[in-house]
Amino acid sequence: MKIGLIVGSLRKDSFNRKVAEVVQGLFPAGVQAEFIDITNLPFYNADLDGDNPHPEYARVREELKKYDGYIFFTPEYNRSYAPAAKNVIDLGSLDPKGSPWNGKPAAVFSASVGTYGAMAANQALRQVFINTNLIPYQSPEVYLARIGESFDENGNMIEDTRAFLQEAVYGFVKFSQGIQNI
């Protein structure tokens, strides 16, 4: 099984990127987790698509097709998710060769420095899954509040947060395996 990790925050040192880096190391043997780089992906524009799509559109679409499931990591911007996450979802769903999202499992892990753990962003992103036929992972829901407190002075994630993420990763893998067997 191969899981694509998509970080909606494009900032190099974002907390969501740090969470995703920890999560990448929590998958069980036999499951690969890799980052899908959307840093240089231009906003979707039909004028840049078609028979001769923008090179980044083509690269990202081919990359998306390699995965059996996805975990999105998003901060919260004005009670919604990161625009970069929506952009990659739109790009995939508008692939003229067929959507890579169709019938695949997806989870949202959200983190913020605030007290709600980007809950509104998490829920809004899950709503988009329904329209693209991504199958949302439901439990445990991953809202990491006051994320700065989840890292020690050396930049290492504290054990309580790591243990929670481990549970969520194993649950997502089990969920994804169940979908593959349908």
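Everything here concerns the structure above.
Residues numbered from 1 in each chain as written. Predicted model: local features only at pLDDT ≥ 70, side-chain atom pairs only at ≥ 80, totals over all residues. Heavy atoms only, no water.

Honestly, the pairing of strand β4 (residues 105-111) in this entry has me stumped. Any pointers?
Strand residues, when the strand is regular, have side chains that alternate between the two faces of the sheet. β4 sits mainly inside the fold: seven of its seven residues count as buried. Side-chain alternation along β4 places P105, A107, F109 and A111 on one buried face and A106, V108 and S110 on a second face that is also buried. As paired strands, strand β3 (residues 69-74) and β4 are joined by five bridges and run parallel to one another. What sits directly across from Y70, in β4, is A106. (Buried < 20%, exposed > 50% of the residue type's maximum accessible area, 1.4 Å probe, protein only. Helix = DSSP H or I, 4+ residues; strand = E, 2+ residues; numbered from the N terminus. Pairing = 2+ DSSP bridges.)

Explain the nonpolar core here, please?
The nonpolar side chains of a soluble globular protein tend to be buried with one another. Ranked by internal contacts, the top residues of the largest apolar core, which has 27 residues, are V19, V23, F27, I71, F73, F109 and L165. Within the residue set of this core, elements represented by two or more residues are β1 (2-7), α1 (15-24), β3, β4, β6 (142-144) and α5 (159-180). Ranked by the residues each element gives to this core, the list is headed by α5, at five residues. Excluding residues within four positions of it along the chain, V23 makes contact with I71, F73, F109, L165 and V169. Counting residues in hydrophobic clusters, the runner-up holds 26 residues, among them V88, W101, A106 and L125. (Core = buried A, V, L, I, M, F, W, Y, C linked by side-chain atoms within 4.5 Å. Contact = heavy atoms within 4.5 Å.)

How should the pattern of salt bridges be read in this particular structure?
Pairs can form between side chains of opposite charge whenever their charged atoms are close. Tallying each qualifying case throughout the model produces nine salt bridges. Across the pair R61 and D49 runs a salt bridge, and its minimum N-O distance is 2.8 Å. Taken as a pair, R61 in helix α2 (residues 55-64) and D49 in the loop between β2 (32-35) and α2 lie far apart in primary sequence, 12 residues in all. Each member of the pair, R61 as well as D49, carries the same accessibility label: buried. Notably, a salt bridge pairs K65 with D95, separated by 3.4 Å at the nearest N-O pair. With K65 in the loop between α2 and β3 and D95 in the loop between α3 (83-93) and β4, this residue pair connects regions lying 30 residues apart in the sequence. On the basis of relative accessibility, which here comes to 33%, the residue K65 falls in the partly exposed class. Through salt bridges with shared partners, a single network forms among E62, K65 and D95. (Salt bridge = Lys/Arg side-chain N within 4 Å of Asp/Glu carboxyl O.)

Explanation requested: the packing of aromatic side chains in the structure shown.
Given two aromatic rings, their pairing is described by the distance between the two centres and the angle made by the two planes. For the structure shown, the criterion picks out nine aromatic pairs. Taking 5.5 Å as the distance between ring centres and 50 degrees as the angle between the ring planes, the aromatic pair formed by Y137 and F175 counts as tilted. Here Y137 is found in the loop between β5 (135-136) and β6, whereas its partner F175 is found in helix α5, with 38 residues between them in sequence. On the basis of relative accessibility, which here comes to 25%, the residue F175 falls in the partly exposed class. Directly above the ring of Y67 sits K2, whose terminal nitrogen or CZ lies 5.4 Å from the centroid. (Phe/Tyr/Trp six-rings, centres within 6.5 Å; stacked < 30°, edge-to-face > 60°. Lys NZ or Arg CZ within 6 Å of the ring centre and 35° of its normal.)

Would you mind going over the packing of α3 against helix α4 (residues 119-132) with me for this structure?
Contact pair α3 / α4: the axes reach a minimum separation of 11 Å and the direction vectors enclose 0 degrees. One finds that α3 runs roughly parallel with respect to α4. Touching K86, I89 and S93 of α3 are L125, V128, F129 and T132, all from α4. (Axes fitted to C-alpha atoms, helices over the stretch in contact; angles between N-to-C directions. Parallel < 35°, antiparallel > 145°, perpendicular 65-115°, else oblique.)

Sorry if this is basic, but what is going on with α3 here?
The α-helix advances 3.6 residues per turn, and as a result positions three or four apart in sequence lie on the same side. Those residues of α3 lying buried are A84, A85, N87, V88, I89, L91 and G92. Among the structural elements, β1, α2, β3 and α4 are those in contact with the buried residues of α3.

For this particular structure, what's the right way to read the environment of A111?
For A111, the position within the fold is in strand β4. Residue A111 is classed as buried on the basis of its relative accessible area, which comes to 3%. Taking the C-alpha atoms as reference points, A111 and A168, 57 residues apart in sequence, are found 14 Å from one another. Among residues more than four places away in sequence, those in contact with A111 are N16, V19, T74, P75, G117, A118, L144 and I147.

Where do I start with unusual backbone geometry in this structure?
If a residue is not glycine, its phi is most likely negative; likewise, a peptide bond is most likely trans. The omega angle of the peptide bond from S139 to P140 is 5 degrees, so this bond is cis rather than trans. Here P140 shows up in the loop between β5 and β6. Phi at R79 is positive, roughly 70 degrees, even though this residue is not glycine. The topology assignment puts R79 in the loop between β3 and α3. On the accessibility criterion, R79 (56% relative accessible area) is exposed. A positive phi angle is found at N133, which is not glycine, with a value near 65 degrees.

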